[in-house]
Amino acid sequence: MEKLVILFSIFLTQLSVAQMAILGDPMEPVPTKITGVVDGKPPSDAIVLFDGKNMDAWEHVRTGKAPQWLIEDGILTVKNGTGTLVSKQHFRDIQMHIEWRPSGEVIGEGQSRGNSGIFMQSLFEIQMLDSWENPTYVNGQAGSVYHQYPPLVNAANPPGEWQNYDIIFSAPIYDRDGNLERPAFITLLHNGVLVLNHVEVLGSTFPRVPEYKATCEPYELGVTMDCTGKLPLLLQDHGQVVSFRNIWLREL
Ligand code: MG
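This is a predicted model, so every value here is computed, not measured. (Residues numbered from 1 in each chain as written. Predicted model: local features only at pLDDT ≥ 70, side-chain atom pairs only at ≥ 80, totals over all residues. Heavy atoms only, no water.)

Colleague: Would you explain the overall build of the protein chain in this entry?
Modeller: Of regular secondary structure, the protein chain possesses 1 helix and 17 strands. Across its three principal directions, the C-alpha atoms of the protein chain cover 85 × 45 × 35 Å. Burial statistics for the protein chain: of 252 residues in total, 43% are counted as buried. When contacts within the protein chain are restricted to residue pairs at least 6 apart in sequence, long-range pairs at least 24 apart make up 64% of them. With the model as given, the accessible surface of the protein chain reaches about 13,400 Å², and the carbon-plus-sulfur share is 55%. (Helix = DSSP H or I, 4+ residues; strand = E, 2+ residues; numbered from the N terminus. Buried < 20%, exposed > 50% of the residue type's maximum accessible area, 1.4 Å probe, protein only. Contact = heavy atoms within 4.5 Å. Areas by Shrake-Rupley, 256 points an atom, 1.4 Å probe, with all protein chains shown as cover.)

Colleague: Got a minute to help me understand the side chain of Arg250 in this structure?
Modeller: The topology assignment puts Arg250 in strand S17 (residues 242-251). A polar contact is formed between the side chain of Arg250 and the side chain of Asp45, at a distance of 2.9 Å. Apart from the residues within four sequence positions on either side, Arg250 is in contact with Pro43, Asp45, Ala46, Asp93, Ile94 and Gln95. (Polar contact = N/O pair within 3.5 Å; in protein donor to acceptor, adjacent residues only side chain to side chain.)

Colleague: I would appreciate a short explanation of the state of the cysteines in the present structure.
Modeller: Structurally, a disulfide amounts to a covalent bond that connects the sulfur atoms of two cysteines. A complete count under the given rule lists 1 disulfide for this structure. Through a disulfide, Cys216 is tied to Cys227; the S-S separation comes to 2.0 Å. The sign of the S-S torsion, about -90°, decides the handedness of the disulfide formed by Cys216 and Cys227: left-handed. One end of the pair, Cys216, is in strand S14 (residues 215-216); the other, Cys227, is in the loop between strand S15 (225-226) and strand S16 (231-235), and 11 residues separate them in sequence. The exposure class assigned to Cys216 is buried, which follows from its relative accessible area of 12%. Residue classification places Cys227 among the buried positions, given a relative accessible area of 2%. (Disulfide = S-S within 2.5 Å.)

Colleague: I'm lost on the coordination of the magnesium ion in this one. Help?
Modeller: Angles between donor atoms at a metal ideally measure 109.5 degrees for a four-coordinate tetrahedral arrangement and either 90 or 180 degrees for a six-coordinate octahedral one. Note on the magnesium ion: its protein donors are Asn115 (OD1), Ser116 (O), Glu125 (OE), Gln127 (OE1) and Gln236 (OE1). The metal-donor distances range over 2.2 to 2.3 Å. Mapped onto the sequence, the residues coordinating the magnesium ion show the spacing N-S-x8-E-x1-Q-x108-Q. With Asn115 in the loop between strand S6 (94-102) and strand S7 (116-120) and Glu125 in strand S8 (residues 124-128), the pair connects residues that are 10 residues apart, well separated along the chain. (Donors = N, O, S within 2.8 Å, 3.2 Å for Na, K, Ca; no water.)

Colleague: What exactly am I supposed to notice about the pairing of strand S5 (residues 85-91) here?
Modeller: Sheet faces and side chains relate simply in a regular strand, where the side chains alternate between the two faces. With 3 bridges connecting them, strand S2 (residues 58-60) and S5 associate as antiparallel partners. When the bridges of S5 are listed, Trp58 appears paired with Ser87. One ladder, built from 4 bridges, connects S5 with S16; its direction is antiparallel. The residue of S16 that forms the bridge with Phe91 is Leu231. (Pairing = 2+ DSSP bridges.)

Colleague: In this structure, what is going on with the nonpolar core? I would like to understand it.
Modeller: The nonpolar side chains of soluble globular proteins are, as a tendency, buried together. Core analysis: the biggest nonpolar cluster contains 45 residues, and Met96, Ile118, Met120 and Phe244 have the highest contact counts within it. In terms of nonpolar packing, the next biggest core, distinct from the first, is built from 6 residues, Val61, Val86, Phe119 and Leu221 among them. (Core = buried A, V, L, I, M, F, W, Y, C linked by side-chain atoms within 4.5 Å.)

Colleague: Looking at this structure, I do not really get a nonpolar patch on the surface. What am I missing?
Modeller: A cluster of nonpolar residues, Leu152, Val153, Val193 and Leu194, forms a patch on the protein surface that exposes about 320 Å² of accessible area. Following the sequence through the fold, Val193 ends up in strand S13 (residues 193-200). Take Val193: its relative accessible area is 36%, and that puts it in the partly exposed class. (Patch = residues over 30% accessible without salt bridge, like charges linked within 9 Å, V, L, I, M, F, W, Y side chains within 5 Å. Salt bridge = Lys/Arg side-chain N within 4 Å of Asp/Glu carboxyl O.)

Colleague: Quick question: what am I supposed to make of the sheet that holds S8 here?
Modeller: Pairing between the strands of a sheet is mediated by backbone hydrogen bonds and can be parallel or antiparallel. Spatially, the 5 strands line up as an open sheet ordered S2-S5-S16-S7-S8, and their pairing is antiparallel. Edge strands, defined here as strands with exactly one partner in the open sheet, are S2 and S8. Geometrically, the sheet is characterised by an average inter-axis angle of 30° between neighbouring strands, direction not taken into account. (Axes fitted to C-alpha atoms, helices over the stretch in contact; angles between N-to-C directions.)

Colleague: For this particular structure, what's the right way to read the side chain of Arg113?
Modeller: Here Arg113 lies in the loop between S6 and S7. Of the side chains bearing the opposite charge, Asp130 lies closest to the buried Arg113, which forms no salt bridge; the N-O distance is 4.3 Å. Here the side chain of Arg113 touches Gly108 through a polar contact of 2.9 Å, landing on its backbone oxygen. Arg113 has contacts with Val106, Ile107, Gly108, Leu129, Asp130, Trp132, Glu133, Asn134 and Gln240, leaving out every residue within four places of it along the chain. (Lys, Arg positive; Asp, Glu negative; His and termini not counted.)

Written out as structure tokens, the structure is:
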């Protein structure tokens with residue numbers, strides 16, 4: 001009996017050694033302590049791209065000049081025709097939060113009602129649209145990867161009400177020769193509801209056929225550039241009145 005107990009003890013010890021080999025030291029690494037979202041405020045390790053005060057984190061897509069969009073009462077609103085914005089800072093993998101609101105004054109229909117969008121790396125559009133009782137092609141409504149994936153459900157609020165996106169984006173990976181090793185992936189929560197579940201992005205939203213290119217021309221930037229590294233985010237001026245607030249992200 002005593003021998004059996006000893007053998008069993010050895011077995012357990014060997015098991016824990018084997019587990020350590022597979023799982024590593026269970027006490028390391030210690031996750032960094034941060035403050036999460038409290039009362040809607042960004043986490044303590046977030047990069048804030050708009051906090052209601054200024055557009056310092058953004059510039060005009062082509063000229064690099066200060067944006068002409070409007071800020072009133074802490075809210076950023078597209079000034080139609082003044083142009084799309086890009087972030088000054090460039091990113092790869094991110095967790096992003098953005099709150100947006102199509103105009104309460106309903107003008108137009110389909111793609112011409114409350115259209116904007118946030119482009120990951122200026123290449124992959126997550127569509128914003130007034131999708132409240134506004135039929136259009138399904139992979140062009142709010143919560144879609146434009147022209148690629150419709151949302152799992154339509155979680156849109158009525159026009160004039162705030163909505164939010166929480167995005168997890170994994171950038172594509174290229175090898176040294178510029179060949180695609182791994183495509184981009186997007187997970188999206190629209191108003192707290194999962195609408196895109198780790199979808200494999202088929203390529204850049206524009207041109208007509210999605211594609212991955214190590215050297216490419218991001219949407220509206222008007223320049224050909226290395227597209228394998230960090231790139232700016234892009235916020236679309238589609239000619240309709242859409243407002244924004246509380247824009248932040250965390251690099252992953
Ligand atoms: Mg759009």
